Amino acid sequence: MENVVRSADKPAKAGLVQTGIKEALFAALIAFGMFVLYVGLKTDQNISNELIIIQRWGLLAIFVAVAAVGRFLMVVFVKPHLDARKLKKARSGELDISTEKGFFHTHFLKIALVALLLYPPFIYAVAGPQGSLKWVDNFGIQILIYVMLAWGLNIVVGLAGLLDLGYVAFYAIGAYSYALLSSYFGLSFWVLLPLSGVLAALWGVILGFPVLRLRGDYLAIVTLAFGEIIRLVIINWTDLTKGTFGISGIPKATLFGIPFDASAGGFAKLFHLPMSSAYYKIFLFYLILALCMLTAYVTIRLRRMPIGRAWEALREDEIACRSLGINTTTTKLTAFATGAMFGGFAGSFFAARQSFVSPESFVFLESAVILAIVVLGGMGSLTGIAIAAIVMVGGTEVLREMDFLKAVFGPDFTPELYRMLLFGLAMVVVMLIKPRGFVGSREPTAFLKERKAVSGSFTKEGHG
């Protein structure tokens, strides 16, 4: 009997290998067509300022080979393994529901918070004052800004189910509110931080009124137009915003009135520390971490309140939501205003961190990246969104440190130029493996006797 099973498996495996080879060749052909103009050919200037074309067929061959081998492994090994795993679970009657949690899973949030609190002093001790700047700023503050923006957008997209492609507009409103009011009126960071959030929330309500009857693609188009309108106004209102030149010399944030400069009353002189800009970066790290914690706390509390339940009802079925007597007008407006408020907070922090703002920082690509982080992390999941931000934003920053790739792809290879290509590739891979995001499970806000994390398989794909 065993020999019969083995003989029956051999033709199946042979057929699978043949299918894998065909799929690999097809993937190689597609990769060649996609990358031949972007990777295989490169334009440059010679000494005579003439435009020349540099051929990079070796680099193109590497891209094509990676696509072919990856597709072959996916068809022959990965997909059959996943299918067999699903079939085994279905036959055993095992449900994909989390019932028991280990120590790490139970205390994950506490461990993550402690790690974040210890991260700046650890990096400072290991890399020194100047060496810690890059790690605290690029791999700490930059990621946390996107975490806060994604958590703010999660209220609109993940909880209320309103597709917003112009979220970067509220980010810009917060940044320019801080830049203009601090430059012209001399107001401090701690006054302008809540004020920027309030102004962004006001614009969120202004955006919400015209789109009350819109959903899906139509809502996405209107919000996309809103984001572009704000950016074009910033570019063309040169008397106020200085257009494409941007606003420079924006006052920095202070620690209860203590500036981070070389003055006698500065932070370093006051605490008898050597002069270094690392102290300001560490202060900004803890500041954005506190803002992220505030965003998470408010989101969790609101989700458990009637307004949060109304957002989730609106996301699932607007008609049923109306039939239950829920005012969808105020529900949508509160979602837009709350999400915009956190975008305004992040924008004001961004202006204080950079001391310079310009329209180039608030293009549509920023909205797309923030939305991609929300989708990849799992809409409605704060933990999943934070993980997605670390992977996506941190991954693009890691590319800047991969100089060893020049030994493989040639001395002219610059890894950071391909970050968006790898970003898109990572999105495709994650959506194939985990279509409901990194964290697909959901914990209901209303439960009977015991709260259980339910698998994303029991929720509508693309929803919370």
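Before going into details, it helps to say that this report is about the structure given with it. Nothing here was measured: the structure is a model prediction, and the numbers come from that model.

## Notes on the overall build of the protein
Consideration 1: Per the secondary structure count, the protein includes 17 helices and 4 strands.
Consideration 2: A total of 464 residues make up the protein; the buried ones form 41% of that total.
Consideration 3: In the protein, once contacts between residues fewer than 6 apart in sequence are set aside, the share between residues at least 24 apart is 70%.
Consideration 4: Accessible surface, the protein as shown: approximately 25,400 Å² in total, 68% of it carbon and sulfur.

## Notes on the packing of helix α11 (residues 306–316) against helix α13 (residues 328–354)
The geometry of a pair of packed helices is captured by two quantities: the angle between their axes and the separation between those axes.
Consideration 1: Relative to each other, α11 and α13 sit at 105 degrees, their axes nearing to 10 Å. Looking at the two axes, α11 sits roughly perpendicular to α13. On α13, the residues touching I307, A310, W311 and L314 of α11 are T328, T331, K332, T334, A335 and T338.
Consideration 2: Class assignment for the residues of the contact of α11 with α13 results in 5 nonpolar, 4 polar and 1 charged.

## Notes on the side chain of T223
Consideration 1: Relative to the helices and strands, T223 is located in helix α7 (residues 216–236).
Consideration 2: Filtering out sequence-adjacent residues up to four positions away, T223 remains in contact with L163, D164, L165, G166 and L207.

## Considering the pairing of strand β1 (residues 41–45)
Consideration 1: As judged from the 5 bridges shared by β1 and strand β2 (residues 51–55), these two strands associate in the antiparallel manner. When the bridges of β2 are listed, T43 appears paired with I53.
Consideration 2: In textbook terms, the turn of a hairpin is the stretch between consecutive antiparallel strands, and for β1 and β2 this stretch comprises 5 residues, one of which, N49, has a positive phi near 60 degrees.

## Focus on a nonpolar patch on the surface
Consideration 1: Residues Y184, F185, L187, V191, L195 and V198 make up a contiguous nonpolar surface patch of about 570 Å² in total accessible area.
Consideration 2: Where the nonpolar patch is concerned, the elements lending two or more residues are α5 (168–185) and α6 (189–208).
Consideration 3: No other element matches α6, which puts 3 residues into the nonpolar patch.
Consideration 4: Given a relative accessible area of 32%, L195 falls into the partly exposed group.

## Here we look at the packing of α5 against α7
Consideration 1: Interhelical geometry of α5 versus α7 gives an angle of 30 degrees and a closest axis separation of 9 Å. The angle between α5 and α7 falls in the class roughly parallel. From α5, A169, F170, A172, I173 and Y176 reach across to α7, where they touch F226, G227, I230 and I234.

## What about the pattern of salt bridges?
Consideration 1: Under the counting rule described, the total for this entry stands at 9 salt bridges.
Consideration 2: In this structure, the salt-bridge partner of R353 is D137, at a minimum N-O distance of 2.7 Å. One end of the pair, R353, is in helix α13; the other, D137, is in helix α4 (residues 108–159), with 216 residues separating them in the sequence.
Consideration 3: Overall, the relative accessible area of 8% leaves R353 in the buried class.
Consideration 4: Taking the shortest distance from any N to any O, the salt bridge between E316 and R315 comes out at 3.0 Å.
Consideration 5: Given the relative accessible area of 9%, R315 is considered buried.
Consideration 6: Several salt bridges converge on common partners, so that one network encompasses D137, K281 and R353.

## Remarks on the environment of G166
Consideration 1: Along the polypeptide, G166 turns up in the loop between α4 and α5.
Consideration 2: Here G166 falls in the buried class, since its relative accessible area comes to 1%.
Consideration 3: The contact partners of G166, leaving out residues within four places of it in the chain, are T223, L224, F226, G227 and S367.

## Here we look at the nonpolar core
Consideration 1: Counting 93 residues, the largest nonpolar core has V357 and I373 as the members making the most contacts within it.
Consideration 2: For this core, the element with the most residues is α4, which contributes 17 residues.

## Description of unusual backbone geometry
Consideration 1: For F256, which is not a glycine, the phi torsion comes out positive at approximately 55 degrees.
Consideration 2: Relative to the assigned elements, F256 resides in the loop between β3 (247–248) and α9 (267–270).
Consideration 3: Here F256 falls in the exposed class, since its relative accessible area comes to 75%.
Consideration 4: Located in the positive-phi region is S355, a residue other than glycine, with phi close to 60 degrees.
Consideration 5: By secondary structure assignment, the location of S355 is in the loop between α13 and β4 (356–357).

## Focus on the environment of L165
Consideration 1: Turning to its location among the elements, L165 is positioned in the loop between α4 and α5.
Consideration 2: Classification of L165 by relative accessible area gives buried; the value is 18%.
Consideration 3: Sequence separation of L165 and T223 is 58 residues, and the distance between their C-alpha atoms is 5.4 Å.
Consideration 4: Here L165 is in contact with A220, T223, L224, F364, S367 and L371, once residues within four sequence places are set aside.

## A short note on the packing of aromatic side chains
Consideration 1: Applying the stated criterion across every chain, the model contains 21 aromatic pairs.
Consideration 2: Between F285 and Y286, the aromatic rings sit 5.7 Å apart at their centres with planes inclined by 85 degrees, giving edge-to-face as the arrangement.
Consideration 3: What links up through ring pairs into an aromatic cluster is the set Y124, F260, F267, F271, Y279, Y280 and F283.

## Regarding α13
Consideration 1: Its 27 residues place the ends of α13 39 Å apart at the C-alpha level, agreeing with the 39 Å of an ideal helix rising 1.5 Å per residue.
Consideration 2: Burial of α13 is extensive: 22 of the 27 residues sit out of reach of the surface.
Consideration 3: For α13, the N-terminal cap is N327; the gap from its side-chain oxygen to the backbone nitrogen of T329 is 3.0 Å.
Consideration 4: Immediately beyond the C-terminal end of α13, within one or two residues, lies S355, with a positive phi of roughly 60 degrees.

## Digging into the side chain of Q142
Consideration 1: Relative to the helices and strands, Q142 resides in helix α4.
Consideration 2: Sequence-distant contacts of Q142, defined by excluding residues within four places in its chain, comprise D137, R353, V393 and E397.

## Section: helix α2 (residues 57–92)
Consideration 1: With 36 residues, α2 ought to run about 52 Å at 1.5 Å a step, and its terminal C-alpha atoms sit 51 Å apart, in line with that.
Consideration 2: The principal kink in α2, of about 45 degrees, is found at M74.
Consideration 3: Those residues of α2 lying buried are L59, L60, F63, V64, A68, V75 and V76.

Calculation notes
Residues numbered from 1 in each chain as written. Predicted model: local features only at pLDDT ≥ 70, side-chain atom pairs only at ≥ 80, totals over all residues. Heavy atoms only, no water. Helix = DSSP H or I, 4+ residues; strand = E, 2+ residues; numbered from the N terminus. Buried < 20%, exposed > 50% of the residue type's maximum accessible area, 1.4 Å probe, protein only. Contact = heavy atoms within 4.5 Å. Areas by Shrake-Rupley, 256 points an atom, 1.4 Å probe, with all protein chains shown as cover. Axes fitted to C-alpha atoms, helices over the stretch in contact; angles between N-to-C directions. Parallel < 35°, antiparallel > 145°, perpendicular 65-115°, else oblique. Nonpolar A, V, L, I, M, F, W, Y, C, P; charged D, E, K, R; others polar. Pairing = 2+ DSSP bridges. Patch = residues over 30% accessible without salt bridge, like charges linked within 9 Å, V, L, I, M, F, W, Y side chains within 5 Å. Salt bridge = Lys/Arg side-chain N within 4 Å of Asp/Glu carboxyl O. Core = buried A, V, L, I, M, F, W, Y, C linked by side-chain atoms within 4.5 Å. Phe/Tyr/Trp six-rings, centres within 6.5 Å; stacked < 30°, edge-to-face > 60°. Expected span 1.5 Å × (residues − 1). Polar contact = N/O pair within 3.5 Å; in protein donor to acceptor, adjacent residues only side chain to side chain. Bend = angle between axes of the 7 residues up to and from the residue.

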